[in-house]
Amino acid sequence: MSYDHVEVPEGGPIEVIDPDADELDVPDEPIVPIIHGDGIGQDVAPAAQRVLGAAAEATGRKIHWMRLYAGESARERYDTNLPADTLEAIREFVVAIKGPLTTPVGAGYRSLNVALRKRLDLYTNIRPTYHVEGVPSPVTDPDAMDMVTFRENTEDVYVGIEFDPGSEEVERVREFVEEEMDYPDSIHDGPVGIGIKPITEFGTKRLVRKAIDYALEHDRDSVTMVHKGNIMKYTEGAFADWGYEVAAEEYGENVIAEDTLWEERGGDSPAGSVVVNDRIADNMLQQILTRTSEYDVLAMPNLNGDYVSDAAGAQIGGLGIAPGANVGDGLFVAEPVHGSAPKYAGQDKVNPTAMILSGRIMLEHLGWGDAADLVYDAVEEAIASKRVTYDIHRQIEGGEKLATSEFADIVMKNIESMA
């Protein structure tokens, strides 16, 4: 395929063998698209690119980077924020990594990040949350945090169906709800904003499958569905019900649905099995603090996933080091959790760890576990030795403050010495 403003480098394509199982055929020298992104993306993305390339080469491989564009860089080349070239290249080359994007006023999108996920049907947002030695944390035992959150990426508040207070549309919705649906006096008089949050069986089940498959593949003990079904019985309550159906009907003895089989088995689970349970969302925000080590994989509708994953990230030192990825059937785009922080753009100052560790998830997805382990060990060694960027440096004593690029240099040297 040809692209208007993008060069396709040498290297081999990654082929999808089984999209349901995320099974890939990966050459030793794959083409991997990368979007540097906006704001601090211009700093952290090149740093991560160098580190990931070093880890690949240290394990006998080579990544051929294909530069793609979205946001400000795309407007300069395509006069649009999300060009077709970018979407088609990710579809063609299957695995990609991106930095943060800023949605400009009047861009036609609520969020460029959301638009990218929805256009490619990257319906699962995955955030592994774990503590890296040396990173300051607000909790006494940050190492207890080792959770992976699975957040639905296409439904709930991400659908974006809202009606502006004072508009003709919102008054029509109010009238429909109060009169035709027979909920009189359920909405206070005066201006009102109304939103619709659809949660479907289809969207729920494919997300929960991803979470259960991950738990089985990575020897995790449990998958916990986090919802507010005690109040929203037909949306978030249905999310939990449909999740239990997946567990009970599709996985046999490998998965135990706690609500149906747990008591019959006396509360015991066979070795190698995964327990699927559920928690109310507000209670879960408490439990990730008070019973952190009891949870492994969390599966959530979009809004709950946003809250809980950020709260979990705070326990390991904040979003500056929190990695993530967006996954669909056969497509994978790694990205850090943090935003674009435009006031720090171009200063070679910010912490690239979140972007680097997002790349670590990408390497694992490629099946390059040895390279992924090198990245983690090299990052941890840099931070544990107190050679860090300003955000961590200001919280510790006796450290060496590094620029973004300098931190990447140290991590690359660690990779070389560890390989």
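Residues numbered from 1 in each chain as written. Predicted model: local features only at pLDDT ≥ 70, side-chain atom pairs only at ≥ 80, totals over all residues. Heavy atoms only, no water.

A. Examining the pattern of salt bridges more closely. Applying the stated criterion across every chain, the model contains 21 salt bridges. A salt bridge links glutamate 76 to arginine 77, with the nearest nitrogen and oxygen atoms 3.8 Å apart. Taking relative accessible area as the criterion, glutamate 76 reaches 57% and is therefore assigned exposed. What makes arginine 77 partly exposed here is its relative accessible area of 35%. Across the pair glutamate 250 and arginine 209 runs a salt bridge, and its minimum N-O distance is 2.8 Å. Here glutamate 250 is found in helix H7 (residues 236-250), whereas its partner arginine 209 is found in helix H6 (residues 201-217), with 41 residues between them in sequence. Owing to a relative accessible area of 39%, glutamate 250 belongs among the partly exposed residues under this scheme. Taking the relative accessible area as the measure of exposure, arginine 209 reaches 29% and is therefore partly exposed. The network of salt bridges with shared partners includes Lys98, Arg117 and Glu335. (Salt bridge = Lys/Arg side-chain N within 4 Å of Asp/Glu carboxyl O. Buried < 20%, exposed > 50% of the residue type's maximum accessible area, 1.4 Å probe, protein only. Helix = DSSP H or I, 4+ residues; strand = E, 2+ residues; numbered from the N terminus.)

B. Summary view of the packing of aromatic side chains. A full pass over the atoms with the stated rule returns three aromatic pairs. For the pair tyrosine 130 and tyrosine 376, a centre-to-centre distance of 5.8 Å together with 65° between the ring planes defines the contact as edge-to-face. With tyrosine 130 in strand S6 (residues 124-130) and tyrosine 376 in helix H12 (residues 369-384), the pair connects residues that are 246 residues apart, well separated along the chain. Classification of tyrosine 130 by relative accessible area gives buried; the value is 14%. Here the basic side chain of arginine 206 rests over the ring of tyrosine 123, its NZ or CZ set 3.8 Å away from the ring centre. Over the face of the ring belonging to tyrosine 390 we find lysine 349, whose NZ or CZ atom lies 4.5 Å from the ring centre. (Phe/Tyr/Trp six-rings, centres within 6.5 Å; stacked < 30°, edge-to-face > 60°. Lys NZ or Arg CZ within 6 Å of the ring centre and 35° of its normal.)

C. Spatial organisation of the pairing of strand S10 (residues 222-227). Burial of S10 is extensive: six of the six residues sit out of reach of the surface. Residues of S10 alternate between two faces, with Ser222, Thr224 and Val226 on one and Val223, Met225 and His227 on the opposite face, all of them buried. Sheet topology places S10 next to strand S12 (residues 274-280); six bridges connect them, and they run parallel. Opposite valine 223, over in S12, you have valine 276 as the bridge partner. With three bridges joining them, S10 and strand S13 (residues 297-300) adopt parallel strand pairing. Opposite threonine 224, over in S13, you have leucine 298 as the bridge partner. (Pairing = 2+ DSSP bridges.)

D. Layout of the sheet that holds strand S14 (residues 325-327). Strand order in the open sheet made by the eleven strands is S4-S3-S5-S15-S14-S6-S7-S13-S10-S12-S11, with mixed pairing throughout. Only two strands of the sheet have a single partner each, and these edge strands are strand S4 (64-68) and strand S11 (255-257). Neighbour-to-neighbour, the strand axes of this sheet turn through a mean angle of 25°, independent of strand direction. Where strand S3 (residues 31-35) meets strand S5 (residues 95-98), two bridges bridge the pair, whose relative direction is parallel. In the sheet register, isoleucine 35 faces S5, and the bridge partner there is lysine 98. Against the sheet, helix H9 (residues 281-290) touches strand S7 (146-152), S10, S12 and S13, its axis set at about 110° to S12. (Axes fitted to C-alpha atoms, helices over the stretch in contact; angles between N-to-C directions. Contact = heavy atoms within 4.5 Å.)

E. A look at the confidence of the model for the protein. Per-residue confidence for the protein gives a mean pLDDT of 92; residues scoring 70 or more make up 95%. pLDDT under 50 marks residues 260-266. Its contacts with residues more than four places away, or in other chains, come to nine contacts. (pLDDT = per-residue confidence, 0-100.)

F. Fine view of helix H3 (residues 84-93). Within H3, burial applies to Asp85, Thr86, Leu87, Ala89, Ile90 and Phe93. Next to the buried residues of H3 lie S3, S4, helix H2 (72-78), S5, helix H4 (112-119) and strand S15 (332-334).

G. Layout of the nonpolar core. Core analysis: the biggest nonpolar cluster contains 92 residues, and Ile212, Val223, Met362 and Leu363 have the highest contact counts within it. Membership of the second largest hydrophobic core comes to 24 residues, among which are Leu112, Leu116, Leu122 and Val333. (Core = buried A, V, L, I, M, F, W, Y, C linked by side-chain atoms within 4.5 Å.)

H. Looking closely at the pairing of S4. Of all five residues that make up S4, four are buried, and the element is covered over most of its length. Pairing geometry for S3 and S4, over five bridges, is parallel. Counted as the bridge partner of isoleucine 31 is histidine 64 from S4. For the handedness criterion, the β-α-β arrangement of S3, helix H1 (residues 41-58) and S4 is classed as right-handed. (Right-handed = clockwise from strand over helix to strand, strands pointing away.)

I. Representation of empty space enclosed by the protein in the model. Counting across every chain of the model gives two cavities of 30 Å³ or more. The volume enclosed by the largest cavity comes to roughly 40 Å³. Lining the largest cavity, in full, are Arg127, Pro128, Thr129, Ser309, Gly313, Leu319, Ala322, Pro323 and Val337. Counting only elements with at least two residues in the lining of the largest cavity, the list comes to S6 and helix H10 (302-315). Its residues placed into classes, the lining of the largest cavity shows five nonpolar, three polar and one charged. (1 Å grid on protein atoms, 1.4 Å probe; cavity = no way out; pocket = protein on both sides within 12 Å on 5 of 7 lines; lining within 4 Å. Points joined across faces, edges and corners; volume = space filled by probe spheres on them. Nonpolar A, V, L, I, M, F, W, Y, C, P; charged D, E, K, R; others polar.)

J. Local environment of the side chain of threonine 224. Here threonine 224 is to be found in strand S10. A relative accessible area of 0% means that threonine 224 is categorised as buried. Of note is the side chain of threonine 224, whose polar atom sits 2.7 Å from the side chain of asparagine 277. In contact with threonine 224, other than residues within four places in its own chain, are Asn277, Asp278, Arg279, Met284, Tyr295, Val297, Leu298 and Ala299. (Polar contact = N/O pair within 3.5 Å; in protein donor to acceptor, adjacent residues only side chain to side chain.)

K. Region of the structure containing the packing of H9 against H10. Orientation of H9 relative to H10, taken along the N-to-C sense of each, is 15°, at an axis distance of 10 Å. The angle between H9 and H10 falls in the class roughly parallel. Relative to H10, the crossing made by H9 is right-handed. Residues Ala281, Leu285, Ile288 and Leu289 of H9 form the contact with H10, whose participating residues are Asn304, Tyr307, Val308, Ala311, Ala312 and Gln315. Taken together, the residues that form the contact of H9 with H10 break down as eight nonpolar, two polar and no charged. (Parallel < 35°, antiparallel > 145°, perpendicular 65-115°, else oblique. Left-handed = near helix turned anticlockwise from the far one by under 90°.)

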